[in-house]
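Results of the structural survey
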Amino acid sequence: MFATNSSVPSVLVHELPRPVPTDEFAACPVGDVFRRVGDKWSMLLVILLGQRPHRYNELHRAVEGISQRMLTRTLRSLETDGLVRREVHPTVPPSVEYSLTPLGSTLLEPLSALADWALRHETEINEARSRHRDS
């Protein structure tokens, strides 16, 4: 999905079938990644782990409103995707530390670009929402 002409966004290079078949959309690796980073907690955990490794309880205290069950599920999903590394230290009791993998670290640049875009356009988005509510 890389464009040879850098002035054309890569998402526009390939023609999508019309209508987009549901099974193709569900199987799309891009959509899969968007679903992962677009869920309620994954992006926040990736950002926290991008700052430094954290122990489980540190993460739980750092993210207000996340249940232990949801934190565990999200970390496991990120680990399954190869974005987070779980390391058990042989202490008594055992301590567990989470960190980004090299692959997970590569996600920080596009997340930063998206965050920068959102901040740059926050006013415009809020104005559009306000106009929509008022109409």
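Here, the structure is the one placed above.
This report concerns the structure included in the present document. (Residues numbered from 1 in each chain as written. Predicted model: local features only at pLDDT ≥ 70, side-chain atom pairs only at ≥ 80, totals over all residues. Heavy atoms only, no water.)

Concerning a nonpolar patch on the surface
- On the surface, Val8, Val11, Leu12 and Val13 cluster together into a nonpolar patch covering about 330 Å² of accessible area.
- With respect to the secondary-structure elements, Leu12 resides in the segment before helix H1 (22-27). (Patch = residues over 30% accessible without salt bridge, like charges linked within 9 Å, V, L, I, M, F, W, Y side chains within 5 Å. Areas by Shrake-Rupley, 256 points an atom, 1.4 Å probe, with all protein chains shown as cover. Salt bridge = Lys/Arg side-chain N within 4 Å of Asp/Glu carboxyl O. Helix = DSSP H or I, 4+ residues; strand = E, 2+ residues; numbered from the N terminus.)

Brief notes about helix H5 (residues 68-80)
- The end-to-end C-alpha distance of H5 is 18 Å, a good match for the 18 Å that 13 residues give at a rise of 1.5 Å each.
- Every buried residue of H5 is accounted for by Leu71, Thr74, Leu75 and Leu78. An end-on view of H5 places all buried positions within 100° of arc, on one side of the element. Summarising the geometry of H5, the exposed residues directed more than 90 degrees from the buried face are Arg69, Arg76 and Thr80.
- Buried residues in H5 make contact with helix H2 (29-37), helix H3 (42-51), helix H4 (56-62), strand E2 (84-89) and strand E3 (95-100).
- Phi turns positive, to about 80°, at Gly82, one or two residues after H5. (Expected span 1.5 Å × (residues − 1). Buried < 20%, exposed > 50% of the residue type's maximum accessible area, 1.4 Å probe, protein only. Arc of directions from axis to C-beta. Contact = heavy atoms within 4.5 Å.)

As for the packing of H3 against H5
- Where H3 contacts H5, the axes come no closer than 10 Å and their chain directions differ by 70°. The angle between the axes of H3 and H5 places the two elements in the roughly perpendicular class. Of the residues in H5, those in contact with Ser42, Leu45, Val46 and Leu49 of H3 are Leu71, Thr74, Leu75 and Leu78.
- A class-by-class count of the residues in the contact of H3 with H5 yields six nonpolar, two polar and no charged. (Axes fitted to C-alpha atoms, helices over the stretch in contact; angles between N-to-C directions. Parallel < 35°, antiparallel > 145°, perpendicular 65-115°, else oblique. Nonpolar A, V, L, I, M, F, W, Y, C, P; charged D, E, K, R; others polar.)

Thoughts on the sheet that holds strand E1 (residues 54-55)
- The strand order E1-E3-E2 describes an open sheet built from three strands, whose pairing is antiparallel. A strand with exactly one partner marks an edge of an open sheet, and here the two such strands are E1 and E2.
- Most of the contacts of H3 go to E3, to which it runs at about 95°, and overall it touches E1, E2 and E3. (Pairing = 2+ DSSP bridges.)

Let's talk about unusual backbone geometry
- Note the cis peptide between Arg18 and Pro19, where omega equals -10°.
- Along the chain, Pro19 falls in the segment before H1.
- Pro93 follows Val92 through a cis peptide bond whose omega is -10°.
- Position of Pro93 among the secondary structure elements: in the loop between E2 and E3.

Re the pairing of E3
- In terms of burial, E3 is a largely internal element, five of the six residues being buried.
- When E1 meets E3, the two strands line up antiparallel, connected through two bridges. Counted as the bridge partner of Arg55 is Glu97 from E3.
- As judged from the six bridges shared by E2 and E3, these two strands associate in the antiparallel manner. Across the sheet, residue Arg85 finds its bridge partner in E3, namely Ser99.
- Two successive antiparallel strands, E2 and E3, enclose a turn made up of five residues.

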